[in-house]
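# Remarks on the overall topology
Below are the chains, spelled out letter by letter.
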Amino acid sequence: MSPQPQAAVGAPLSRVDGRLKVTGKATYAAEHDIKGVVHAVIVDSTIGRGRITGIDTRAALAQPGVIKVISHLNAPRLAYRGTENDWPDSKQLRIFQDDKVLFRGQPVAVVVATTLEAAEHAAHLVKVRYDAEKTSTDMATAPAGEPVNYARGDADKAYESAAVQVDATYQQARAHHNAMEPHATIARWDGDQLTLWDKTQWPMGTQKDVAAVFGIPNDSVRVISPFVGGGFGNAIRAWPHIATAAVAARETGRPVKLVLSRRQLYFGVGYRPSYEYRVRLGSDRRGRVSAMVQHLKSETSTYENFIEGVLNTGQMVYNAPHVRQDHRTVPLDVNTPIWMRGPGYATAAFAIESAMDELAHKLDIDPIELRRRNEPEEDPSNGLPFSTRRLRECYTVGAREFGWNRRDPKPRSTRDGDWLIGTGMAVGTYDVIRSGAQARVRLNADGTALIQSATSDMGPGTYTSQSQVAADALGLTMRNVTFQLGDSTMPTAPPHGGSQTMINIGSAVQDGCDKVRKQAIKLAIEDKDSPLYGVDAEDIVVRAGRLHVSDNPARGETYRQLLTRNNRTHLEVLGSWTPGQARHSMYTYGAIFAEVAVDARLGLVRVRRMLGVFDAGRIISPKLADSQALGGMVGGIGAALLEHTVTDHRDGRIVNANLADYMVPVNADIPDLRGIFLDGGEDLEADPIGVKGLGEIVYIGVAPAIANAVFHATGRRVRELPITAEALL
């Protein structure tokens, strides 16, 4: 078959939704204009654990505009279906069902009023009495649960007999996502049909969970979410405010809008949990790692056990024959954590890559060379060959472009006035998540196409990248392609997270568009009035909406001409992709290089420049990929130097639940950033379009690269994130 021309994929195109966003015409969850909408404000618990002994709503109900106050005293019993085993989100969504308080900030009531101001004022007037119990929110003092274990070989024996040993414990603070758009839901009932305009990274997941909590069929709930103003993982599941809005709407008979405040985002939705991560590395004197022993603890809630893929990296990133891991979660009186950019893998990278840097220093071996000496030829965790693994090339390109050879390896050897200068590097890996998807493709008689899938877009550019795939597969220009998403009534899609959207949705879009194009070609070669009548289908391509013989462009016709003549208003198929059994180990990879300056007297750390080199498969949209790389590095700077949620362990209150006290990077913190994606890296073992996903990998490895650079600058190893001035003084 003649290859279909590629004009959109690989081109540095601007976002198709960019104008909508910069002009304010992109409609986010709280901005939908729903007739008759009223406003809801949640009343949060002010204790960390205990029981509600009374709720006085008289002052709140006396306020003008207040419609209703709902709590466990008058809320409907939720007729949820399913069991604890097949519905893990049940406890999150069972709002106002009893008098128990499980964490500080738990919704204990909701006020509904005609205006937001009235609802906010009335919420402050609701008086709740409690029988408080002792709160446990400190992972350092609480008992841990049973471990999740992994082992190969005899890691403890190999470590004890190793010529060179590193034994270090690394700690990472709890971190919150702090996306630009707060979580918001508008709920409206039409009889037994519920519509939710919601901030979500998974419309179909929210549909399933909310339908379950109300005991109604999935198709009785419609979730609409065309735009998401940042998510980073915490909009990937349904949270209590969604069920609260739906209950309030049903109880009042009015559409209800509920928007979480910035403060409420620190306990109303999830966060990256805090970790304690001990690493023991053993190697010979040439730097061959023989043993890796890892002991992990992380926080979770008392009512759910949150575990992420934090063990995977330690099993496959280096060629250690002996590995042992145990991971224990610590149940606390907190709300449940959730995935945050680079989930699990970013946490593991900080500990493992810092330990590898410590080993390199002990051995007096260049950090890149140490990693080269421990590169596996196949996945040591399962024996499978890698689909692609181009870390060696990442090292080579990164070292050259960063100027690594100019580095004096001795710590504290380079100064610029009062500033100590250091450079460091680290490796990142992330899983290739393949779960399958569907996409509806409709080619209209006017030569335009509409593609739909129930995925989401929290900012990476899904509208644009999917349109690029569709445009080339159909042989259309970008302006004639419309991609729609964010509606649970559209074809099935997995969560928009874990770098899986391009893999799964893109493969389904490719399949659907290929099928439609072939339908049109078949129609043409069987149509006696077509200039393509009788031509071998394998010899026909489509370019700019015109079907023609590949080696004779003059012989052909447009989609418009073909469909109009055949009295066809459109051609339509349901594209799909289902991954087969994996025969390879599939990961994305990155090598991150950082240069920092540390004020010798004040301990202040400033990142001067950063470079990331990535093996991320085929790059559909270079402009979007570059934005992802820059955004990932900015997030990594925040994790390394700034982000830290502070809890008052006396009562579970989050002390810095605002953007004044919870520090995130600003423009002044952002230095010279650069991302490079290796060419020619398409991974057809992973999926039909050769992509591997890149939203996570550009973040993973940034924090340890900065930490390693801080050590090189100062000679002082900081094993706790974020790195503060106090730790360096």
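This section reports on the structure supplied with the text. (Residues numbered from 1 in each chain as written. Predicted model: local features only at pLDDT ≥ 70, side-chain atom pairs only at ≥ 80, totals over all residues. Heavy atoms only, no water.)

## Some points on the side chain of Gln466
Put simply, the rule reads: A run of H or I in DSSP becomes a helix once it reaches four residues, and a run of E becomes a strand once it reaches two; helices and strands are each numbered from the N terminus. Residues adjacent in sequence count toward polar contacts only when both atoms are side-chain atoms; beyond that, a polar contact is any pair of N or O atoms within 3.5 Å, and within protein one must be able to donate a hydrogen and the other to accept it. Contact between two residues is taken to exist if any of their heavy atoms lie within 4.5 Å; hydrogens are not considered.
Along the chain, Gln466 turns up in helix α12 (residues 462–474). Looking at Gln466, its side chain comes within polar contact range of the main-chain nitrogen of Gly506, at 3.4 Å. If sequence neighbours within four positions are ignored, Gln466 has contacts with Phe483, Thr501, Met502, Ile505, Gly506 and Val509.

## Notes on the layout of surface pockets
Heads up, the rule is: Both site types are read off a 1 Å grid over the protein atoms alone. A 1.4 Å probe that fits but cannot get out defines a cavity, while an open set with protein on both sides within 12 Å along at least five of seven lines defines a pocket; lining residues have an atom within 4 Å of a point. Grid points are joined across faces, edges and corners, and a volume is the space filled by probe spheres set on the points. When residue character is reported, Ala, Val, Leu, Ile, Met, Phe, Trp, Tyr, Cys and Pro are called nonpolar, Asp, Glu, Lys and Arg charged, and the others, Gly included, polar.
Taken as a whole, the second largest pocket spans an internal volume of roughly 660 Å³. Lining the second largest pocket are 28 residues, with Ile42, Asp44, His124, Arg263 and Gln264 positioned closest to its centre. Mapped onto the lining of the second largest pocket, the elements with two or more residues apiece are β1 (38–44), α4 (116–125), β6 (127–132), β12 (256–259) and β28 (653–654). In terms of residue count, β1 provides more of the lining of the second largest pocket than any other element does, five residues in total. The residue makeup of the lining of the second largest pocket, split by class, is 16 nonpolar, seven polar and five charged.

## Examining the pattern of salt bridges
Using the following cut-off: Only one rule defines a salt bridge in this text: a Lys or Arg side-chain nitrogen within 4 Å of an Asp or Glu carboxyl oxygen. Buried, partly exposed and exposed residues are distinguished by accessible area as a fraction of the type maximum, computed with a 1.4 Å probe on protein chains only: under 20%, between the cut-offs, and over 50%, respectively.
Across all of its chains, the model carries 41 salt bridges by this definition. Put simply, Asp527 and Arg565 hold a salt bridge, and the shortest N to O gap is 2.8 Å. In this pair, Asp527 is assigned in the loop between α13 (501–525) and β21 (540–543) and Arg565 in helix α14 (residues 559–565), connecting sequence segments 38 residues apart. Take Asp527: its relative accessible area is 10%, and that puts it in the buried class. For Arg583, the salt bridge identified is with Glu685, shortest N-O distance 3.2 Å. Linking Arg583 in the loop between β24 (570–577) and β25 (587–599) with Glu685 in the loop between β29 (672–677) and α16 (702–714), this pair joins segments that are 102 residues apart in sequence. Ionic contacts of the salt-bridge type, sharing partners, join the residues Asp156, Arg280, Arg324, Asp326 and Arg328 into one network.

## Some remarks on the sheet that holds strand β19 (residues 449–452)
The criterion, for reference: In this analysis, strands are considered paired if DSSP registers two or more bridges between them. Where helices are involved, their axes are fitted lines through C-alpha atoms of the stretch in contact, as for all axes, and angles between N-to-C directions lie from 0 to 180°.
The strand order across the open sheet built from four strands is β20-β19-β18-β24, with neighbouring strands paired in mixed fashion. The two strands at the open ends of the sheet, each matched to only one other strand, are β20 (481–484) and β24. If you compare each strand with its neighbour and ignore which way they point, the axes differ by 15° on average. Along the sheet face, α12 touches β18 (437–444), β19 and β20 and points at about 135° away from the line of β20. Contacting β18, β19, β20 and β24, α13 crosses the sheet at an angle of about 145° to β24.

## Here's the deal with the packing of aromatic side chains
This is how it is decided: Only rings of Phe, Tyr and Trp enter the pairing, Trp through its six-membered ring, and a pair is recorded when the two centres are within 6.5 Å. The plane angle decides the type: under 30 degrees is stacked, over 60 is edge-to-face, the rest tilted.
Applying the stated rule across the entire model yields 13 aromatic pairs. Residues Phe386 and Tyr589 carry aromatic rings whose centres are separated by 6.4 Å and whose planes lie at 85° to one another, so their mutual orientation is edge-to-face. Taken together, the residues span a long stretch of sequence, with Phe386 in the loop between α10 (367–373) and α11 (391–402) and Tyr589 in strand β25 at a distance of 203 residues. You can call Tyr589 buried: its relative accessible area is 0%. The interplanar angle of 75° and the centroid separation of 5.7 Å between the aromatic rings of Trp404 and Phe593 together place this pair among those described as edge-to-face.

## Some points on the pairing of β24
With burial as the criterion, only one face of β24 is covered, namely that bearing Leu571, Val573, Gly575 and Trp577; the residues His570, Glu572, Leu574 and Ser576 on the opposite face remain uncovered. Bridging between β18 and β24 involves eight bridges; their strand directions are antiparallel. Bridged to Arg442 within β24 is Glu572.

## So, the sheet that holds strand β15 (residues 322–332)
Note: strands within a sheet are paired through backbone hydrogen bonds, in either parallel or antiparallel orientation. The sheet built from six strands is open, its strands ordered β7-β15-β14-β13-β8-β30 with mixed pairing. Each having just a single partner strand, β7 (148–152) and β30 (720–721) make up the two edges of the open sheet. With eleven bridges connecting them, strand β14 (residues 289–301) and β15 associate as parallel partners. What sits directly across from Val293, in β15, is Arg324.

## What about the nonpolar core?
This is how it is decided: Nine residue types can take part in a nonpolar core, namely buried Ala, Val, Leu, Ile, Met, Phe, Trp, Tyr and Cys, and a core is a set of them joined through side-chain atoms within 4.5 Å.
Judged by nonpolar contacts, the single largest core of 91 residues is most densely connected at Leu281, Val596, Met610, Phe677 and Ile706. If you tally residues by element for this core, the top one is helix α9 (residues 345–363), at twelve residues. Excluding residues that lie within four positions of it along the chain, Ile706 makes contacts with Ala594, Val596, Val607, Met610, Gly636, Ile637, Ala640 and Leu641. In terms of nonpolar packing, the next biggest core, distinct from the first, is built from 57 residues, Val9, Ala26, Val549 and Leu563 among them.

On their own, these measurements won't tell you what the molecule is for.
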